[in-house]
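Residues per chain are reported as follows:
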Amino acid sequence: IASNGIISQRDVRKVHHLDCREDEQLKQITMKSSCITLLYSTTDYFSMTQCYLINLIDTPGHVDFSAEVKTAVGLSDGAFLLIDVVEGICPQTRSAMKQIYVERLFPCLVINKMDKLIVNMCLNPLEAYHHIFQLIEQINAVMAGFNTYHEFEGDLHLSEKYATSIFSPLDSNIIFISSLDGWGFNLETFANFFADKLGYSKKILSKTLWGDYYISH
(Lines give C-alpha, C1' and ligand atoms only; values in the text may rest on other atoms or scores of the structure.)
Protein backbone atom coordinates (compact mmCIF):
# COMPACT_ATOMS: atom_id res chain seq x y z
CA ILE A 1 0.00 0.00 0.00
CA ALA A 2 2.87 2.36 0.82
CA SER A 3 4.60 1.57 -2.49
CA ASN A 4 1.48 2.81 -4.27
CA GLY A 5 1.59 6.11 -2.37
CA ILE A 6 -1.65 5.49 -0.48
CA ILE A 7 0.05 5.77 2.91
CA SER A 8 3.51 7.09 3.78
CA GLN A 9 6.45 4.85 4.56
CA ARG A 10 6.43 6.20 8.13
CA ASP A 11 2.93 4.77 8.67
CA VAL A 12 3.80 1.24 7.51
CA ARG A 13 2.84 -1.29 10.23
CA LYS A 14 1.23 1.54 12.20
CA VAL A 15 -1.84 2.38 10.10
CA HIS A 16 -4.32 -0.44 9.38
CA HIS A 17 -5.60 1.15 6.18
CA LEU A 18 -8.08 -1.59 5.26
CA ASP A 19 -9.58 -1.76 8.75
CA CYS A 20 -11.75 1.29 8.09
CA ARG A 21 -14.45 0.70 10.74
CA GLU A 22 -14.15 2.25 14.16
CA ASP A 23 -14.62 -1.04 15.99
CA GLU A 24 -11.93 -2.65 13.83
CA GLN A 25 -9.47 0.10 14.70
CA LEU A 26 -10.38 -0.17 18.38
CA LYS A 27 -10.05 -3.96 18.61
CA GLN A 28 -7.15 -4.18 16.12
CA ILE A 29 -8.83 -7.02 14.18
CA THR A 30 -10.45 -7.32 10.76
CA MET A 31 -14.21 -7.85 10.95
CA LYS A 32 -15.37 -7.04 7.41
CA SER A 33 -13.70 -7.76 4.07
CA SER A 34 -12.06 -4.80 2.36
CA CYS A 35 -10.92 -4.53 -1.26
CA ILE A 36 -8.13 -2.45 -2.73
CA THR A 37 -6.52 -2.20 -6.18
CA LEU A 38 -2.72 -1.94 -6.27
CA LEU A 39 -0.17 -1.46 -9.03
CA TYR A 40 2.63 -4.03 -9.09
CA SER A 41 5.73 -3.51 -11.26
CA THR A 42 8.36 -6.12 -12.06
CA THR A 43 11.35 -6.44 -14.39
CA ASP A 44 11.70 -9.49 -16.64
CA TYR A 45 14.84 -11.16 -18.00
CA PHE A 46 15.03 -8.64 -20.84
CA SER A 47 15.02 -5.67 -18.40
CA MET A 48 11.53 -4.73 -19.54
CA THR A 49 9.24 -3.34 -16.88
CA GLN A 50 5.83 -4.95 -16.69
CA CYS A 51 2.98 -3.52 -14.65
CA TYR A 52 -0.03 -5.35 -13.27
CA LEU A 53 -3.18 -4.18 -11.56
CA ILE A 54 -3.97 -6.51 -8.66
CA ASN A 55 -7.27 -6.50 -6.80
CA LEU A 56 -6.71 -7.63 -3.21
CA ILE A 57 -9.43 -8.57 -0.71
CA ASP A 58 -8.41 -8.48 2.95
CA THR A 59 -10.61 -10.93 4.85
CA PRO A 60 -11.06 -11.50 8.62
CA GLY A 61 -8.99 -14.16 10.33
CA HIS A 62 -11.40 -14.97 13.16
CA VAL A 63 -13.63 -18.01 12.85
CA ASP A 64 -16.74 -15.92 13.70
CA PHE A 65 -16.40 -14.11 10.36
CA SER A 66 -15.98 -17.14 8.09
CA ALA A 67 -18.88 -15.97 5.89
CA GLU A 68 -16.75 -13.00 4.84
CA VAL A 69 -13.96 -15.36 3.77
CA LYS A 70 -16.33 -17.61 1.83
CA THR A 71 -17.69 -14.66 -0.14
CA ALA A 72 -14.24 -13.29 -0.93
CA VAL A 73 -12.94 -16.68 -2.06
CA GLY A 74 -15.82 -16.97 -4.51
CA LEU A 75 -14.71 -13.72 -6.15
CA SER A 76 -10.99 -14.50 -6.36
CA ASP A 77 -8.61 -16.21 -8.76
CA GLY A 78 -5.96 -16.93 -6.13
CA ALA A 79 -5.42 -16.75 -2.41
CA PHE A 80 -2.72 -15.89 0.12
CA LEU A 81 -3.11 -18.28 3.05
CA LEU A 82 -1.63 -16.48 6.07
CA ILE A 83 -0.55 -18.72 8.96
CA ASP A 84 1.17 -17.90 12.26
CA VAL A 85 4.40 -19.91 12.41
CA VAL A 86 3.99 -20.46 16.17
CA GLU A 87 0.23 -21.03 16.50
CA GLY A 88 0.04 -23.14 13.34
CA ILE A 89 -3.30 -24.36 11.94
CA CYS A 90 -6.33 -22.85 13.68
CA PRO A 91 -10.05 -23.64 13.14
CA GLN A 92 -10.44 -20.67 10.80
CA THR A 93 -7.36 -21.83 8.88
CA ARG A 94 -8.99 -25.16 8.10
CA SER A 95 -12.17 -23.41 6.98
CA ALA A 96 -10.22 -21.09 4.66
CA MET A 97 -8.23 -24.01 3.24
CA LYS A 98 -11.45 -25.90 2.54
CA GLN A 99 -12.86 -22.91 0.64
CA ILE A 100 -9.64 -22.54 -1.35
CA TYR A 101 -9.78 -26.24 -2.23
CA VAL A 102 -13.45 -26.24 -3.26
CA GLU A 103 -13.13 -23.08 -5.37
CA ARG A 104 -9.96 -24.43 -7.05
CA LEU A 105 -7.95 -21.29 -6.40
CA PHE A 106 -4.21 -20.95 -6.90
CA PRO A 107 -2.91 -20.70 -3.31
CA CYS A 108 0.26 -19.17 -1.93
CA LEU A 109 1.21 -20.00 1.65
CA VAL A 110 2.44 -17.03 3.71
CA ILE A 111 4.08 -18.05 6.98
CA ASN A 112 4.00 -15.01 9.26
CA LYS A 113 5.75 -13.97 12.52
CA MET A 114 9.04 -15.63 11.66
CA ASP A 115 10.68 -13.31 14.19
CA LYS A 116 8.97 -15.26 17.00
CA LEU A 117 11.11 -18.31 16.24
CA ILE A 118 14.11 -16.27 17.34
CA VAL A 119 12.75 -13.82 19.90
CA ASN A 120 10.08 -15.91 21.64
CA MET A 121 11.03 -19.53 21.05
CA CYS A 122 14.81 -18.97 20.95
CA LEU A 123 15.33 -21.66 18.29
CA ASN A 124 18.64 -22.20 16.54
CA PRO A 125 18.62 -22.38 12.71
CA LEU A 126 18.29 -26.18 12.59
CA GLU A 127 15.46 -26.23 15.14
CA ALA A 128 13.68 -23.44 13.26
CA TYR A 129 13.98 -25.40 10.01
CA HIS A 130 12.46 -28.54 11.55
CA HIS A 131 9.65 -26.49 13.12
CA ILE A 132 8.77 -24.89 9.77
CA PHE A 133 9.12 -28.22 7.95
CA GLN A 134 6.64 -29.88 10.31
CA LEU A 135 4.20 -26.99 9.93
CA ILE A 136 4.25 -27.29 6.14
CA GLU A 137 3.73 -31.05 6.43
CA GLN A 138 0.69 -30.47 8.66
CA ILE A 139 -0.79 -28.00 6.17
CA ASN A 140 -0.27 -30.38 3.27
CA ALA A 141 -1.84 -33.19 5.33
CA VAL A 142 -5.00 -31.10 5.75
CA MET A 143 -5.14 -30.44 2.00
CA ALA A 144 -4.57 -34.15 1.34
CA GLY A 145 -7.51 -34.90 3.61
CA PHE A 146 -9.77 -32.76 1.43
CA ASN A 147 -8.43 -34.63 -1.60
CA THR A 148 -9.20 -38.03 -0.05
CA TYR A 149 -12.73 -36.94 0.84
CA HIS A 150 -13.53 -35.83 -2.72
CA GLU A 151 -12.03 -39.01 -4.15
CA PHE A 152 -14.34 -40.98 -1.87
CA GLU A 153 -17.28 -38.84 -3.01
CA GLY A 154 -16.37 -39.47 -6.65
CA ASP A 155 -15.25 -35.92 -7.56
CA LEU A 156 -12.11 -37.09 -9.36
CA HIS A 157 -11.79 -33.88 -11.41
CA LEU A 158 -11.38 -31.84 -8.25
CA SER A 159 -9.13 -34.31 -6.47
CA GLU A 160 -6.69 -34.56 -9.41
CA LYS A 161 -5.78 -30.91 -8.96
CA TYR A 162 -4.44 -31.67 -5.48
CA ALA A 163 -3.13 -35.17 -6.09
CA THR A 164 0.16 -34.27 -4.35
CA SER A 165 1.20 -31.92 -1.56
CA ILE A 166 0.75 -28.49 -3.04
CA PHE A 167 2.89 -26.33 -0.72
CA SER A 168 6.67 -26.48 -1.02
CA PRO A 169 9.37 -23.80 -0.89
CA LEU A 170 10.90 -25.45 -3.95
CA ASP A 171 7.76 -24.63 -5.93
CA SER A 172 7.95 -20.92 -5.01
CA ASN A 173 4.49 -20.99 -3.45
CA ILE A 174 5.62 -20.32 0.12
CA ILE A 175 6.71 -16.93 1.49
CA PHE A 176 8.26 -16.42 4.92
CA ILE A 177 7.55 -13.01 6.46
CA SER A 178 7.55 -10.91 9.60
CA SER A 179 4.79 -8.34 9.33
CA LEU A 180 5.93 -6.72 12.58
CA ASP A 181 9.44 -6.01 11.31
CA GLY A 182 8.44 -5.53 7.66
CA TRP A 183 10.53 -8.15 5.89
CA GLY A 184 9.92 -11.30 3.89
CA PHE A 185 11.69 -13.79 1.66
CA ASN A 186 11.45 -17.02 -0.30
CA LEU A 187 14.13 -19.42 -1.53
CA GLU A 188 14.78 -17.32 -4.62
CA THR A 189 15.55 -14.32 -2.39
CA PHE A 190 18.32 -16.21 -0.61
CA ALA A 191 19.56 -17.76 -3.86
CA ASN A 192 20.04 -14.30 -5.36
CA PHE A 193 21.75 -13.09 -2.18
CA PHE A 194 24.20 -15.99 -1.69
CA ALA A 195 24.94 -16.96 -5.30
CA ASP A 196 27.98 -14.70 -5.66
CA LYS A 197 29.13 -15.17 -2.05
CA LEU A 198 29.18 -18.98 -2.27
CA GLY A 199 30.16 -19.25 -5.92
CA TYR A 200 27.12 -21.30 -6.99
CA SER A 201 24.51 -20.55 -9.63
CA LYS A 202 21.15 -19.18 -8.55
CA LYS A 203 19.40 -22.14 -10.19
CA ILE A 204 21.33 -24.70 -8.13
CA LEU A 205 20.93 -22.79 -4.88
CA SER A 206 17.19 -22.34 -5.36
CA LYS A 207 16.85 -26.14 -5.55
CA THR A 208 19.13 -27.00 -2.62
CA LEU A 209 18.31 -24.36 0.00
CA TRP A 210 15.45 -26.55 1.23
CA GLY A 211 15.95 -30.17 2.21
CA ASP A 212 18.80 -32.38 3.42
CA TYR A 213 21.64 -30.53 1.71
CA TYR A 214 24.80 -28.96 3.07
CA ILE A 215 27.88 -27.21 1.70
CA SER A 216 31.21 -28.95 2.18
CA HIS A 217 34.37 -26.91 1.74
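Not measured: the values here are computed from a predicted model.

## Quick notes on the overall build of the protein chain
The secondary structure content of the protein chain amounts to 8 helices and 6 strands. Burial analysis of the protein chain (217 residues in total) assigns 31% to the buried set. For the protein chain, restricting intrachain contacts to residue pairs at least 6 apart in sequence, the fraction spanning at least 24 positions comes to 59%. In the form shown here, the protein chain has an accessible surface area of approximately 14,400 Å², with 56% of it arising from carbon and sulfur atoms.

## Notes on unusual backbone geometry
One non-glycine residue, Lys-113, lies in the positive phi region at around 60°. Within the secondary structure layout, Lys-113 lies in the loop between β4 (106-112) and α4 (115-119). For Ser-172, which is not glycine, the phi torsion reads 60° and is therefore positive. Within the secondary structure, Ser-172 is located in the loop between α6 (156-161) and β5 (174-178).

## Notes on a nonpolar patch on the surface
Nonpolar side chains collect at one region of the surface, where Tyr-40, Tyr-52, Ile-54, Leu-56 and Phe-80 lie side by side and expose about 490 Å² of accessible area between them. Element by element, the count of residues in the nonpolar patch is highest for strand β2 (residues 49-58), at 3 residues. Looking at where Phe-80 falls in the secondary structure, it is placed in strand β3 (residues 78-84).

## Considering the sheet that holds β5
Here we have 4 strands laid out as an open sheet, ordered β3-β4-β5-β6, and mixed in their pairing. Edge positions in the sheet fall to β3 and β6 (183-185), since each of these pairs with one other strand and no more. Taken pair by pair, the neighbouring strands of this sheet meet at an average axis angle of 25°, ignoring direction. Note: β4 against β5, 3 bridges, orientation parallel. Among the inter-strand pairings, Ile-111 is bridged to a residue of β5, identified as Phe-176.

## A look at the environment of Phe-190
If you trace the backbone, Phe-190 turns up in helix α7 (residues 187-198). Along the chain, Phe-190 and Lys-202 lie 12 residues apart, while their C-alpha atoms are 8.9 Å from each other. With residues near it in sequence (within four places) discarded, Phe-190 still touches Phe-185 and Leu-209.

## Quick look at helix α2 (residues 66-74)
Listing the buried residues of α2 in full gives Val-69, Ala-72 and Val-73. Buried residues of α2 fall within an arc of 100° about the axis and therefore sit on the same side. Across from the buried face of α2, at angles greater than 90 degrees, the exposed residues are Ala-67, Lys-70 and Thr-71. Buried residues belonging to α2 abut β2 and α3 (91-102).

## A few points about the side chain of Ser-168
Within the fold, Ser-168 resides in the loop between α6 and β5. Those residues in contact with Ser-168, other than ones at most four positions away along the chain, are Asn-173 and Ile-174.

## Here we look at the nonpolar core
Counting residues in each nonpolar core, the largest one holds 30 residues, and the members touching the most others are Leu-81, Leu-109, Ile-111, Ile-132 and Phe-167. Counting residues per element, the ones that place at least two in this core are α2, β3, α3, β4, α5 (125-153) and β5. The element that contributes the greatest number of residues to this core is α5, accounting for 9 residues. Setting aside anything within four residues of it in sequence, one finds Leu-109 in contact with Leu-81, Ile-83, Ile-139, Phe-167, Asn-173, Ile-174 and Ile-175.

## Overview of the confidence of the model for the protein chain
Residues at a pLDDT of 70 or more form 80% of the protein chain, whose mean pLDDT is 81. The weakest mean pLDDT in the protein chain belongs to α6 at 52; the strongest belongs to β5 at 95.

## Notes on the packing of aromatic side chains
When we look at a pair of aromatic rings, we describe it by the centre distance and by the angle of the planes. Evaluated as defined, the whole model comprises 10 aromatic pairs. Between Phe-190 and Phe-194 the ring centres are 5.7 Å apart and the planes differ by 15°, which places this aromatic pair in the stacked class. Pair noted here: Phe-190 and Phe-194 are both in helix α7, with a separation of 4 residues, about one helical turn. Take Phe-190: its relative accessible area is 34%, and that puts it in the partly exposed class. Between Phe-193 and Phe-194, the aromatic rings sit 4.9 Å apart at their centres with planes inclined by 85°, giving edge-to-face as the arrangement. Given a relative accessible area of 52%, Phe-193 falls into the exposed group. Every member of this aromatic cluster is reached through a ring pair, and the members are Tyr-129, Phe-133, Phe-176, Trp-183, Phe-185, Phe-190, Phe-193, Phe-194 and Trp-210.

Rules behind the numbers
- Residues numbered from 1 in each chain as written.
- Predicted model: local features only at pLDDT ≥ 70, side-chain atom pairs only at ≥ 80, totals over all residues.
- Heavy atoms only, no water.
- Helix = DSSP H or I, 4+ residues; strand = E, 2+ residues; numbered from the N terminus.
- Buried < 20%, exposed > 50% of the residue type's maximum accessible area, 1.4 Å probe, protein only.
- Contact = heavy atoms within 4.5 Å.
- Areas by Shrake-Rupley, 256 points an atom, 1.4 Å probe, with all protein chains shown as cover.
- Patch = residues over 30% accessible without salt bridge, like charges linked within 9 Å, V, L, I, M, F, W, Y side chains within 5 Å.
- Salt bridge = Lys/Arg side-chain N within 4 Å of Asp/Glu carboxyl O.
- Pairing = 2+ DSSP bridges.
- Axes fitted to C-alpha atoms, helices over the stretch in contact; angles between N-to-C directions.
- Arc of directions from axis to C-beta.
- Core = buried A, V, L, I, M, F, W, Y, C linked by side-chain atoms within 4.5 Å.
- pLDDT = per-residue confidence, 0-100.
- Phe/Tyr/Trp six-rings, centres within 6.5 Å; stacked < 30°, edge-to-face > 60°.

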